[in-house]
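Coordinates in review
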Amino acid sequence: MSLSPTSDIAPSQTVAMTEPPRNRRLGLDTVVCHAGRDPSAHFGVVNPPVFHASTILFPTLAALEAKAEQKIRYGRRGTPTTFALEDAVSALEEAAGTVLTPSGANAISTTLLANLEPGDHALIADNVYGPCRHCGNEVLRRFGVEVDFYDPLVGSGIEALIKPNTRLIWMEAPGSLTFEMTDVAAIVAAARPRGIVTVVDNTWSGGVFFKPLTLGVDISVQAGTKYISGHSDLMLGTISCAEGSYERVKAFAQRLGICVGPDDAYLAQRGLRTIAVRMRQHHANALELANWLALRPEVTRIMYPALENDPGHSFWKTHFTGASGLFGFVIRETDRRRLAAMVDGLRLFGMGSSWGGYESLVLPTDPRVLRSATVWSEPGQCMRMHVGLEDVSDLIDDLEKGFERLGR
Ligand SMILES: *Cc1c(COP(=O)(O)O)cnc(C)c1O
């Protein structure tokens, strides 16, 4: 599997990176190593330092009066630490600019609220991350926004769902828990001529394997908590915008007082340096494990677009350069005691919310409760697996014993 080269570092960056070689597009691995860094601005220190700051002092009355022209003027508005991360994520997502938020859930709510007004209509995919659905149902509706959920497999059929007041279409490719691959290109083709803002939750690909903005999507949102961090030790959201959306989202986030702490921003930019190499290994490990699971008699279905027989495979193959470590699978109907025996005894797979760290996780899920436009009728127990960076043979060993306990 190879990663395709990406464009140059986003030109809108204001914090310089180390001088790139001229007249050549930089490869993605190079971009994530260098974007947003400027050692010469910090005594040659390789990583952007952690600036803990609220007050920024201005030496003279004239400087104070001119502070609106200063990029660094108050802690909440950003520091060299947060600007470095914004620029690096913009380079990764090929975006005009990125707004950082304190969590992925906040990146979702901020993006929705920044782009919708009372009387507007929003279309949200039925397989979105749960809190995105809840934000639509409980927050948007409260503020007078009409919300409809749509079948993620609708493709160009989205046209029939668009109303005169539709202002935003939300996608997640592939979706949470069930991993259907939405035809992002078809939805963009319907939305763009009508001036409808399109958003993709790009957390699954880490921004490494999928570049929604290059397909004409307006905004790519990520839970930086997941693969950007890569180490399960911080909360972060990123909103990466095309030219036409950036100022609006940025200004709105400022009005809400949204900012992230310097230590988390620092850790996230450190995680980002290794994201490309980590993602390739997540892909390789997950593919091996998924192929092993496919041969297990207990497993009735695997939801992973990287597999050839997955319904989303052809879209994935066309628009993605790799697959992450996260996929779903279904095991035959079982009882709670057996399921508990299986998962409680796993030594290498943890159970808990989130994913995207270096370690493997497994989680029983129930997609039925997070749907309204479609019905999840697949019999059996749904599971979500995050395949980490361990030796796959050890993971298989652990799971094999788990399946033995399940069968007892
Ligand atoms: C985890 C997740 C989020 C939310 O991120 P948090 O940082 O946990 O708030 C958003 N979208 C997707 C697809 C996620 O998996």
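So, here is what we can say about the structure in this document. (Residues numbered from 1 in each chain as written. Predicted model: local features only at pLDDT ≥ 70, side-chain atom pairs only at ≥ 80, totals over all residues. Heavy atoms only, no water.)

What follows covers the overall build of the protein. A tally of helices and strands in the protein yields twelve helices and eleven strands. Taking 22 Å as the expected radius of gyration for a compact globule of 408 residues, we find that the protein reaches 22 Å, a close match to that expectation. Split into buried and exposed, the 408 residues of the protein put 55% on the buried side. A fraction of 72% describes how many contacts in the protein between residues 6 or more apart in sequence connect residues 24 or more apart. (Helix = DSSP H or I, 4+ residues; strand = E, 2+ residues; numbered from the N terminus. Rg over C-alpha atoms; globule rule 2.2 N^0.38 Å. Buried < 20%, exposed > 50% of the residue type's maximum accessible area, 1.4 Å probe, protein only. Contact = heavy atoms within 4.5 Å.)

Near the ligand, the surroundings consist of 15 residues, among which Gly104, Ala105, Asp201, Thr225 and Lys226 are the closest. In the model, an oxygen atom of the ligand is placed 2.8 Å from a nitrogen or oxygen of the glycine 104 main chain. Contact between the ligand and alanine 105: an oxygen atom at 2.7 Å from a main-chain N or O atom of the residue. Class assignment of the residues belonging to the shell around the ligand gives a composition of seven nonpolar, five polar and three charged. (Near = heavy atom within 4 Å. Polar contact = N/O pair within 3.5 Å; in protein donor to acceptor, adjacent residues only side chain to side chain. Nonpolar A, V, L, I, M, F, W, Y, C, P; charged D, E, K, R; others polar.)

A few words on unusual backbone geometry. In the segment running from alanine 173 into proline 174, the intervening peptide bond is cis, with an omega of -10 degrees. With phi around 60 degrees, phenylalanine 43 is a residue other than glycine that occupies positive phi space. Inspection of the secondary structure puts phenylalanine 43 in the loop between helix H1 (28-34) and helix H2 (61-65). Judged by relative accessible area, phenylalanine 43 falls into the exposed class, the value being 88%.

Now for the pattern of salt bridges. All chains considered together, the criterion is met by 13 salt bridges. Put simply, lysine 163 and glutamate 146 hold a salt bridge, and the shortest N to O gap is 2.5 Å. With lysine 163 in the loop between strand S3 (146-150) and strand S4 (166-172) and glutamate 146 in strand S3, this pair connects stretches of sequence that are 17 residues apart. For glutamate 378, the salt bridge identified is with arginine 301, shortest N-O distance 2.6 Å. Taken together, the residues span a long stretch of sequence, with glutamate 378 in the loop between strand S10 (361-365) and strand S11 (381-386) and arginine 301 in strand S8 (residues 299-303) at a distance of 77 residues. (Salt bridge = Lys/Arg side-chain N within 4 Å of Asp/Glu carboxyl O.)

Our next topic: the pairing of strand S1 (residues 97-101). Within S1, five of the five residues are buried, which leaves it mostly tucked inside the rest of the structure. The alternating pattern of S1 places Gly97, Val99 and Thr101 on one face and Thr98 and Leu100 on the opposite face, and all of these are buried. Where S1 lies against strand S7 (residues 237-241), five bridges are found, and the strand directions are antiparallel. The partner of threonine 98 across the bridge, within S7, is serine 240. (Pairing = 2+ DSSP bridges.)

Running from amino to carboxyl end, helix H4 (residues 104-115) crosses helix H5 (residues 130-140) at an angle of 45 degrees, the nearest separation of the two axes being 10 Å. It follows that H4 is oblique to H5 by the angle criterion. Handedness of the crossing formed by H4 with H5: right-handed. The segment H4 lies against H5, with Ile108, Ser109, Leu112 and Leu113 engaging Cys132, Cys135, Val139 and Leu140. Partitioned by chemical class, the residues of the contact of H4 with H5 number seven nonpolar, one polar and no charged. (Axes fitted to C-alpha atoms, helices over the stretch in contact; angles between N-to-C directions. Parallel < 35°, antiparallel > 145°, perpendicular 65-115°, else oblique. Left-handed = near helix turned anticlockwise from the far one by under 90°.)

Attention now goes to the sheet that holds S3. The strand order across the open sheet formed by seven strands is S1-S7-S6-S5-S4-S2-S3, and the pairing between neighbours is mixed. The strands lining the two open edges of the sheet, one partner per strand, are S1 and S3. Averaged over neighbouring strand pairs, the angle between their axes works out to 20 degrees when direction is ignored. Each of strand S2 (121-125), S3 and S4 is contacted by H5, which is oriented at about 155 degrees to S3, the strand it contacts most. In the packing of helix H6 (residues 184-191) onto the sheet, the strands contacted are S3, S4 and strand S5 (197-201), and the crossing angle to S4 comes to about 175 degrees.

With five of five residues buried, S2 is to be regarded as a mostly interior element. Burial along S2 is two-sided: the face carrying His121, Leu123 and Ala125 and the face carrying Ala122 and Ile124 are both buried. In this structure, S2 lies alongside S3, joined through five bridges in parallel fashion. Bridge pairing in S3 places alanine 125 opposite tyrosine 150. Note on the crossover from S2 through H5 to S3: the handedness is right-handed. Judged from the four bridges that link them, S2 and S4 form a sheet pairing that is parallel. Each residue of the ladder has a partner; that of isoleucine 124, found in S4, is tryptophan 170. (Right-handed = clockwise from strand over helix to strand, strands pointing away.)

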